[in-house]
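Examination of the molecular architecture
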Amino acid sequence: MSLRVTEKLRSLLIPSTRVVVFTGAGVSAESGIATFRGAHALWSNFRIEDYATPQAFLADPLKVWEWYNWRRREILKTDPNSGHLAICEFEQYFKDFTLITQNVDGLHDRAGNQKILKLHGDIWETRCPLCGDSAIDNDARGEPLPPLCRCKGRMRPGVVWFGESLSEVIYEHAVSSAKNSELFFSVGTSAEVYPAAVLPSLAKQHGAYVVEVNIEKTSAADFADETLLGKSGEVLPEILKYFAAG
Ligand code: BJW
Ligand code: ZN
């Protein structure tokens, strides 16, 4: 693809620029992972209330676990795409770089990013609501379901459901990175879920140059300085071409 990159954006693509990349499910779409909203997306086939709330888990933990284990198995069939790999290069290039993701799929980790603020948790983590014990279960076995903790508590997926608070430490870190950034990329997110969705506008209010990368404009386009329309797996590698050599 050929991308029109403005002079302004080019001038910011130097290692000393403080950069945030904020990602959503669209970044993993080209790996074959369903997004949440839109045609053929998760929430058009499954009701949020039945799978992604604490009430759903209390009512039927087995059903919720079976759903998460199905999603884990689907993710295991995939690999990071060229968008994830480009974001890993961003981390190596910019001296002050923060990756903030709403994604729980672990593909940014597998692409090689080292520092990731996971706002909505990690689908590979299993957590005990009673004693706080947690474990990483990378092979998606997790049987027998629903898993029990040593303390006899019922383990749950380590993700953030609707109505639950985000980790305060992670969210505060994300807010300060957004406020401190000079260049903020909002990539592959509908920017509809709060409080994560405030981050692009917060960055803008604090002086960042905001660039949206998406296959269609979202509400973030109203205040973004630029919208680069296209797949993140195509747009982000194009941006790498403008990194200063050496
Ligand atoms: C591409 C592409 C390609 C496709 N290239 N792009 C203020 C106002 C109103 C409501 C609230 C509010 N504050 C809180 C709320 C309630 C709620 C909320 O926001 N609701 C809104 C939906 C209205 N928020 C919460 O409940 C949050 N908690 C909270 O606020 O705590 C305080 C509190 C406590 C008690 C009571 C009230 C408040 C928690 C939110 C947790 C979200 N969890 C999920 C599930 C995670 C676990 C799991 O995976 O199962 O997180 S929901 C789901 O949405 C997931 C995502 O991270 C999140 C965001 O979705 P995302 O990533 O943007 O995906 P999509 O599908 O929406 O968009 C994909 C985009 O990609 C599209 O734009 C495409 O065009 C694009 N695209 N292909 C580039 N190739
Ligand atoms: Zn426990």
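Anything mentioned here points back to the structure above.
Residues numbered from 1 in each chain as written. Chains lettered and ligands numbered in written order. Predicted model: local features only at pLDDT ≥ 70, side-chain atom pairs only at ≥ 80, totals over all residues. Heavy atoms only, no water.

Secondary structure assignment for the protein yields 11 helices and 9 strands. Taken over the C-alpha trace, the protein has a radius of gyration of 18 Å; the compact-globule value for 246 residues is 18 Å, and the two agree within 12%. Of all 246 residues assigned to the protein, the portion counted as buried reaches 52%. Here the analysis covers contacts within the protein between residues at least 6 apart in sequence; of these, 67% occur between residues at least 24 apart. By element, 51% of the accessible surface of the protein is carried by carbon and sulfur atoms, the whole surface being about 12000 Å². Averaging the coordinates of the 26 positive side-chain charges in the protein and doing the same for the 31 negative ones gives two points 1 Å apart. (Helix = DSSP H or I, 4+ residues; strand = E, 2+ residues; numbered from the N terminus. Rg over C-alpha atoms; globule rule 2.2 N^0.38 Å. Buried < 20%, exposed > 50% of the residue type's maximum accessible area, 1.4 Å probe, protein only. Contact = heavy atoms within 4.5 Å. Areas by Shrake-Rupley, 256 points an atom, 1.4 Å probe, with all protein chains shown as cover. Lys, Arg positive; Asp, Glu negative; His and termini not counted. Charge placed at Lys NZ, Arg CZ, Asp CG, Glu CD.)

Right, let's talk about the sheet that holds strand β4 (residues 121-127) for a bit. Read across the sheet, 3 strands follow the order β5-β4-β6 without closing on themselves; strand pairing throughout is antiparallel. A strand with exactly one partner marks an edge of an open sheet, and here the two such strands are β5 (134-136) and β6 (156-159). Neighbour-to-neighbour, the strand axes of this sheet turn through a mean angle of 45 degrees, independent of strand direction. Of the pairings in the sheet, the one linking β4 to β6 comprises 3 bridges and is antiparallel in character. Considered in β6, the bridge of Thr126 is made with Pro157. Where helix α6 (residues 61-76) meets the sheet, it contacts β4 and β6, and its direction lies at approximately 130 degrees from that of β4. (Pairing = 2+ DSSP bridges. Axes fitted to C-alpha atoms, helices over the stretch in contact; angles between N-to-C directions.)

Right, let's get into the environment of Ser190. Looking at the secondary structure, you find Ser190 in the loop between β7 (183-187) and α10 (199-205). On the basis of relative accessible area, Ser190 is assigned to the partly exposed category, the value being 26%. When neighbours within four sequence positions are excluded, Ser190 is seen to be in contact with Arg37, Thr218 and Ser219.

Moving on to the coordination of the zinc ion (ligand 2). The protein atoms that coordinate the zinc ion (ligand 2) are Cys128 (SG), Cys131 (SG), Cys149 (SG) and Cys151 (SG), at distances of 2.3 Å. Each of the 4 donor atoms bound to the zinc ion (ligand 2) contributes to angles spanning 104 to 117 degrees, and the resulting shape is tetrahedral. Written as a sequence motif, the donor arrangement for the zinc ion (ligand 2) is C-x2-C-x17-C-x1-C. Pair noted here: Cys128 is in the loop between β4 and β5 and Cys149 is in the loop between β5 and β6, with a separation of 21 residues, a long-range link. Taken individually, Cys128 and Cys149 each receive the classification buried, so the pair is uniform in this respect. (Donors = N, O, S within 2.8 Å, 3.2 Å for Na, K, Ca; no water. Tetrahedral: all angles 85-135°; square planar, octahedral: opposite > 155°, others 65-115°.)

Another point: the packing of helix α7 (residues 82-93) against helix α11 (residues 232-240). Running from N to C, α7 and α11 point in directions that differ by 30 degrees, and their axes come no closer than 7 Å. On the basis of the axis angle, α7 is roughly parallel to α11. With respect to the hand of their crossing, α7 and α11 are arranged in left-handed fashion. For the pair formed by α7 and α11, the contact residues are Ser82, Gly83, Ala86, Ile87, Glu89 and Phe90 on the first element and Ser232, Gly233, Leu236, Pro237, Ile239 and Leu240 on the second. Considering only residue class, the contact of α7 with α11 consists of 7 nonpolar, 4 polar and 1 charged. (Parallel < 35°, antiparallel > 145°, perpendicular 65-115°, else oblique. Left-handed = near helix turned anticlockwise from the far one by under 90°. Nonpolar A, V, L, I, M, F, W, Y, C, P; charged D, E, K, R; others polar.)

Another point: the site of ligand 1. Near ligand 1 lie 35 residues; those nearest to it are Tyr68, Arg71, Glu164, Thr189 and Ser190. The contact in question runs from an oxygen atom of ligand 1 to an N or O atom on the backbone of Gly26, over 3.5 Å. Between ligand 1 and Arg71, the relevant distance is 2.6 Å, taken from an oxygen atom to a side-chain nitrogen or oxygen of the residue. Contact with the protein chains covers 76% of the free accessible surface of ligand 1, which is 1500 Å². Counting residues per element, the ones that place at least two in the shell around ligand 1 are α2 (26-29) and α6. Residues of the shell around ligand 1, tallied by class, amount to 14 nonpolar, 14 polar and 7 charged. (Near = heavy atom within 4 Å. Polar contact = N/O pair within 3.5 Å; in protein donor to acceptor, adjacent residues only side chain to side chain.)

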